[in-house]
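For reference, the chains in residue letters:
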Amino acid sequence: MNTTLRTAATTSDSPDAASAAYASAAYASAADASADAPGTTAAQARGAELEELIRRNPRRFRVLTGDRPTGRLHLGHYFGTLHNRVRLQGLGAEMFVIIADYQVLTDRDVADDLTGHVEELVLDYLAIGVDPSRSTIFTHSAVPALNQLLLPFLSLVSVGELHRNPTVKEEIAHSRQSSVSGLMFTYPVHQAADILFCKADLVPVGRDQLPHLEITRTIARRFNDRYSGDGPLFPEPEALLSPAPLLLGTDGTKMSKSRGNAIALAADADETARLIKGAKTDSRRHITYDPAGRPEVSSLLLLAALCQDRTPQQVADDIGPAGAAALKRTVTEAVNEYLAPIRSRRVQLAQDRSHLRRTLREGNERARAVADATLTEVRAAMNSHY
Ligand code: TRP
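Residues numbered from 1 in each chain as written. Predicted model: local features only at pLDDT ≥ 70, side-chain atom pairs only at ≥ 80, totals over all residues. Heavy atoms only, no water.

Caption draft 1: Quick look at the overall build of the protein. Across its full length, the protein holds 16 helices and five strands. When contacts within the protein are restricted to residue pairs at least 6 apart in sequence, those whose partners lie at least 24 apart make up 78%. Accessible area of the protein: about 16,900 Å², with a carbon and sulfur share of 51%. (Helix = DSSP H or I, 4+ residues; strand = E, 2+ residues; numbered from the N terminus. Contact = heavy atoms within 4.5 Å. Areas by Shrake-Rupley, 256 points an atom, 1.4 Å probe, with all protein chains shown as cover.)

Okay, structure coming up:
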């Protein structure tokens, strides 16, 4: 498996070679993952074709993707999806990045400091190279016409379909709340509005989001069938599976902020060193790359490899008999060196809150103009334009 990547920060303007390496690594690594959502294999096969189409004509695509504002982003996010966004932006695709501040209301503990979480997210985006002059960063709650699409869209899906959505089932199972809110239950439809308001045709996501994209496609199709006689109003957007080589957290389980096993992009060099020093390894001294047999060691090797534009095997061969302590030193140095420019940019950006707020205001304004135009078309199609 070739997992060579280059840094987003340095390649966003000359993306060809790096993006080819990234894309082929993506599909190679995606192919050997387990526990896939339905439709994963088809999405992977289509992914390679889409990559080719993007390379040939990036301006044909409008990309929408986004995150819930749950706090600072970590390395799992970065190598999973963020790097891919900056790559697509660098290729010349038009991009919208949604900060899902209504969706995050389903996580009650996060909603307490929403403004803080949103600002941290904007900081992370800007620091990794999302360029607001080329990409629109905006929040759910600031775009009324987007939210209004929810109502006609809700009429196009059945309660049974919502009940069957595996991602919602999982969210519900994991939420520590005693009852399921209507928002939680309907958020796949909300997500369809997020995607369709700007008529995005490409949605880079992780595998867990594929069921939502399926609902989005269904809604687009049904809307077009029912209401738009003179040609489809909405595209049926396609998933572009994130080339996410799965990075484990420091305890050997999936990297996730809520598990306390994540290395934040914004962490400083000392905190990074401390976290990696405490990372789980195994009792075999000789370091080898063996993702199935030695998941923790292999994930550390992968992390160093991603940062150093090498393969995990190469990193393993260099360390070999020197053991886990040497491995951790290598990973710490690799991560700190890779993140240094991102972190220093982030520190600088954090000093100017008014610039952050202005970035978001301008993004919101652009998103509102696009959403207003779509809603006007939707109302005309539905004969509710008075
Ligand atoms: N549901 C996504 C998540 O939990 C965030 C999100 C909201 C999103 N709206 C979206 C992702 C639209 C892609 C497209 O991470």
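Following the structure, the description resumes.
Caption draft 2: How the structure looks around the pairing of strand β1 (residues 62–67). Bridge analysis of β1 against strand β2 (residues 94–99) gives six bridges, and the strand direction is parallel. Across the sheet, the residue bridging to aspartate 67 is isoleucine 99, located in β2. Considered for its hand, the β-α-β crossover made up of β1, helix α4 (residues 75–91) and β2 is right-handed. (Pairing = 2+ DSSP bridges. Right-handed = clockwise from strand over helix to strand, strands pointing away.)

Caption draft 3: View of helix α12 (residues 269–277). Along α12, the residues that are buried comprise Thr272, Leu275 and Ile276. The arc that holds the buried residues of α12, viewed along the axis, is 95 degrees, so those residues lie on one side. Set apart from the buried face of α12 by more than 90 degrees, the exposed residues are Asp270, Arg274 and Lys277. Looking at the buried residues of α12, the elements they touch are α15 (323–350). One side-chain oxygen of the residue at the start of α12 lies 3.2 Å from the amide nitrogen of aspartate 270, identifying that residue as aspartate 268. (Buried < 20%, exposed > 50% of the residue type's maximum accessible area, 1.4 Å probe, protein only. Arc of directions from axis to C-beta. Polar contact = N/O pair within 3.5 Å; in protein donor to acceptor, adjacent residues only side chain to side chain.)

Caption draft 4: Layout of the site of the ligand. Contacts to the ligand come from Leu64, Gly66, Arg68, Ile98, Ala100, Gln103, Gln191, Asp194, Ile195, Val203, Val205 and Gln209. Here a nitrogen atom of the ligand sits 2.9 Å away from a polar atom, N or O, in the side chain of glutamine 191. A distance of 2.7 Å separates a nitrogen atom of the ligand from a polar atom in the side chain of aspartate 194. When the ligand sits alone it has 360 Å² of accessible area, and the protein chains cover 89% of it. Residue contributions to the shell around the ligand peak at three residues, all from helix α10 (residues 182–196). When grouped by side-chain class, the residues that make up the shell around the ligand number six nonpolar, four polar and two charged. (Near = heavy atom within 4 Å. Nonpolar A, V, L, I, M, F, W, Y, C, P; charged D, E, K, R; others polar.)

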